[in-house]
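# An overview of the molecular structure
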Amino acid sequence: MKDNYEDRIRCPRLMQRVTSPQEAASWIRDGMTVGMSGFTRAGDAKALPAALAERARHEPLRITLLTGASLGNDTDKLLTEAGALARRMPFQADPVLRAAINRGEVMYIDQHLSETVETLRSRQMKPVDVAIIEAVAITESGAIIPTTSVGNSASFAILADKVIVEINLSQTPDLEGLHDIWIPKARPTREALPVVSVNQRVGVPYIDIPFEKIVAVVITDQVDSTSSIQPPDSETAAIAGHLVNFFENEIEAGRLTRQLLPLQAGIGTIANAVMAGFANSPFEHLTMYSEVLQDSTFDLFDAGKLDFASGSSITLSPSKSKQVFSDFGRYKDRLVLRPQEVSNHPEAIRRLGIIAINTALEADIYGNVNSTHVLGTHMMNGIGGSGDFARNAYLSVFATKSIAKGGKVSSIVPMVTHVDHTEHDVDIIVTELGLADLRGLAPRERADVIIANCVAAPYQDMLREYVAEAKQRGGHTPHVLEKAFDWHTRYRESGSMLKAG
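What you are looking at is a predicted structure, and each value in this text was computed from that prediction instead of being measured.

If you tally the helices and strands in the protein, you get 17 helices and 25 strands. Overall, the C-alpha framework of the protein stretches about 75 × 50 × 45 Å when taken along its three principal axes. Looking at the protein as a whole, 59% of its 501 residues qualify as buried. In the protein, of all internal contacts separated by at least 6 residues, the share reaching a separation of at least 24 is 73%. With the model as given, the accessible surface of the protein reaches about 19,300 Å², and the carbon-plus-sulfur share is 50%.

Okay, here's the thing in structure tokens:
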């Protein structure tokens, strides 16, 4: 096996630390905090989590697990079923873990993705005992070259007492040179983030740590999990069409050019489909400053629409992954992967003037958005980076289909049951039916525009009736408090938000 990995471990003194996943996992003990690479199914450790899950089935082993975002390869599922997770943050997307969180068995801290390492760095939470980082290679000095994501890996490795590296032979060596690792200095004399353009590199292409911190090296040969996004449909195409028309009007008004401004798209089917819709738009020389680079990023490259993309991970469908990584040199000089505290940094988002496009679980008539909790109580995945971008973007767009569950649920409701993004951070709401431009509108005006443009016909009259009654009670943001959640209650009890009969 040595012949397969010796070129990947260039620091000779680390060759003797190559070991099995089971032996490496012995460095992790019950009650520890573990920082693990991985951001939205990309660049995650593969062998160590499975070894930890196996140990947890036979001995007391419950850890606090920190990552960049969600993990692939059923890692969260395996660790949850083995009882290995006591606490999890800052993001997850696994159904088994989600159920355990909602049963109260795993304590989940849902956090803005730009903030996790800040709380570690300032010692506002327990320090990372062991970091587990997937790598393409280790340099002569012991620096780590990440794979398909950076996420929080750099700061985990820097802050942890001990580091375990997984060298993944399935990850192409062409990834070397893709990354740009920049770590902020300590407060209160921290310098400005020097990113002033999307394609600017401000750091180094590796995670620089003393080689002595690396206590074990594990060799793997397992590909990333691919994304589960669905292909665009007529409704997501309609959403994209409404946004294209909106941006064309902004160009005509002199507020944008055909280059627009750097784009950000949240993870998932709707945001990816909306971005893919730009391939047939009149816009050109586009750039992206985002978190996850999805299929649509490479669709736009191939369509000649996109000049450069900056992100924190690359997560692709099976077919797109095969296409991109079999010819990675075609894209490499137009890509950069950064730590998520840089990709999601409020300073950079505000400076670059990002157009942020994220997905709503539900929105209300005044523009508040719930992106995390079903019926206000049950966690789906987490806020992720949408809050980082929505609060600081030049334009903050939230997209959703107008109805769900075959029309039994309206995505636009009188009052959201959980607020992740307040009306102050939402500029545009768009569904397949139309687009509501909320800029410069008072709450009463927002309600009228949202109902007229974004709401499915069965629910429009219901919302107008609600607003009329609410206005009789007065107020800057009129509500009928005892009826504000009637739709949700009716759905819980009958399976539909529609009134009977």
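What follows is about the sheet that holds strand 17 (residues 369–370). Within a sheet, adjacent strands bond to each other through the backbone by hydrogen bonds, running parallel or antiparallel. In space, the three strands of this open sheet follow the order 17-16-23, with mixed pairing throughout. On the outer flanks of this sheet lie strand 17 and strand 23 (412–413), each paired with one strand and no other.

Look at the link from methionine 89 to proline 90: it is a cis peptide, with omega at 0°. Cis geometry is found at the peptide bond from arginine 187 to proline 188, where omega equals 5°. Despite not being glycine, arginine 41 has its phi angle at roughly 70°, a positive value. Mapped onto the fold, arginine 41 is located in the loop between strand 1 (33–36) and helix 3 (47–56). For arginine 41, a relative accessible area of 28% gives the class partly exposed. Look at aspartate 74: it is not a glycine, yet its phi comes out positive at around 55°. Relative to the helices and strands, aspartate 74 is located in the loop between strand 2 (63–66) and helix 4 (75–81).

In terms of nonpolar packing, the biggest core is built from 77 residues, with Ile144, Phe247, Leu260, Phe278 and Leu335 touching the most fellow members. No other element matches helix 8 (residues 234–252), which puts seven residues into this core. In this structure, leucine 260 is in contact with Phe247, Ile251, Phe278, Phe283, Leu286 and Ile355, ignoring residues within four places of it in sequence. In terms of nonpolar packing, the next biggest core, distinct from the first, is built from 38 residues, Leu52, Ala69, Ala84 and Met379 among them.

Our focus in this paragraph is the side chain of asparagine 344. Mapped onto the fold, asparagine 344 is located in the loop between helix 12 (340–343) and helix 13 (346–352). For asparagine 344, a relative accessible area of 0% puts it in the buried group. Separated by 2.7 Å, the side chains of asparagine 344 and serine 343 make a polar contact. Discounting residues that sit within four places of it in the chain, asparagine 344 has contacts with Leu113, Ser114, Glu291, Ile349, Gly385, Asp388 and Phe389.

Before going further, it helps to spend a moment on helix 11 (residues 318–326). Restricting attention to buried positions, one finds in helix 11 the residues Lys320, Ser321 and Val324. All buried residues of helix 11 fall inside an arc of 100° around its axis, so they share one side. Those residues of helix 11 that are exposed and aimed more than 90 degrees away from the buried face are Pro318, Ser319, Lys322 and Ser326.

In this structure's numbering, the residues bearing the UniProt feature "domain: Acetyl-CoA hydrolase/transferase N-terminal" (unreviewed entry) are residues 14–218. Span residues 14–218 is 21% helix and 19% strand, its end C-alpha atoms 11 Å apart.

Time to look at the packing of aromatic side chains. Going through the model one piece at a time under the given rule, you end up with nine aromatic pairs. Measuring from centroid to centroid gives 5.9 Å for phenylalanine 301 and tyrosine 331, while their planes differ by 45°, and the two rings are tilted. Here the residue phenylalanine 301 occupies a position in helix 10 (residues 295–302), and tyrosine 331 occupies one in the loop between helix 11 and strand 14 (335–337), the gap between them amounting to 30 residues. Both residues of the pair, phenylalanine 301 and tyrosine 331, count as buried. In this structure an aromatic cluster arises from ring pairing among Phe246, Phe247, Phe278 and Phe283.

Let us now look at helix 10. In terms of burial, helix 10 is largely enclosed, as six of its eight residues are buried. Looking only at helix 10, the buried set comprises Asp295, Ser296, Thr297, Phe298, Leu300 and Phe301. One or two residues past the end of helix 10 sits glycine 304, with phi positive at roughly 75°.

Moving on: the pairing of strand 8 (residues 214–220). Counted residue by residue, strand 8 has seven buried out of seven residues, so it is predominantly covered. Pairing geometry for strand 7 (residues 162–168) and strand 8, over six bridges, is parallel. From the neighbouring strand, valine 163 faces strand 8, where its bridge partner is isoleucine 214.

Right, let's talk about the pattern of salt bridges for a bit. In the structure shown here, the tally under the stated rule is 30 salt bridges. One salt bridge in this structure joins lysine 46 and glutamate 134, with 2.8 Å as the shortest N-O distance. Taken together, the residues lysine 46 in the loop between strand 1 and helix 3 and glutamate 134 in strand 5 (residues 130–138) connect sequence positions 88 residues apart. Accessibility expressed as a relative area gives 6% for lysine 46, which makes it buried.

What follows deals with a nonpolar patch on the surface. Taken together, the side chains of Leu361, Val374 and Leu375 make up a nonpolar region of the molecular surface, amounting to roughly 190 Å² of accessible area. In this structure, leucine 361 sits in the loop between strand 15 (355–359) and strand 16 (362–364).

Here is what the cut-offs are and how they apply
- Residues numbered from 1 in each chain as written.
- Predicted model: local features only at pLDDT ≥ 70, side-chain atom pairs only at ≥ 80, totals over all residues.
- Heavy atoms only, no water.
- Helix = DSSP H or I, 4+ residues; strand = E, 2+ residues; numbered from the N terminus.
- Buried < 20%, exposed > 50% of the residue type's maximum accessible area, 1.4 Å probe, protein only.
- Contact = heavy atoms within 4.5 Å.
- Areas by Shrake-Rupley, 256 points an atom, 1.4 Å probe, with all protein chains shown as cover.
- Pairing = 2+ DSSP bridges.
- Core = buried A, V, L, I, M, F, W, Y, C linked by side-chain atoms within 4.5 Å.
- Polar contact = N/O pair within 3.5 Å; in protein donor to acceptor, adjacent residues only side chain to side chain.
- Arc of directions from axis to C-beta.
- UniProt positions renumbered as here; feature names shortened; annotations may be inferred.
- Phe/Tyr/Trp six-rings, centres within 6.5 Å; stacked < 30°, edge-to-face > 60°.
- Salt bridge = Lys/Arg side-chain N within 4 Å of Asp/Glu carboxyl O.
- Patch = residues over 30% accessible without salt bridge, like charges linked within 9 Å, V, L, I, M, F, W, Y side chains within 5 Å.

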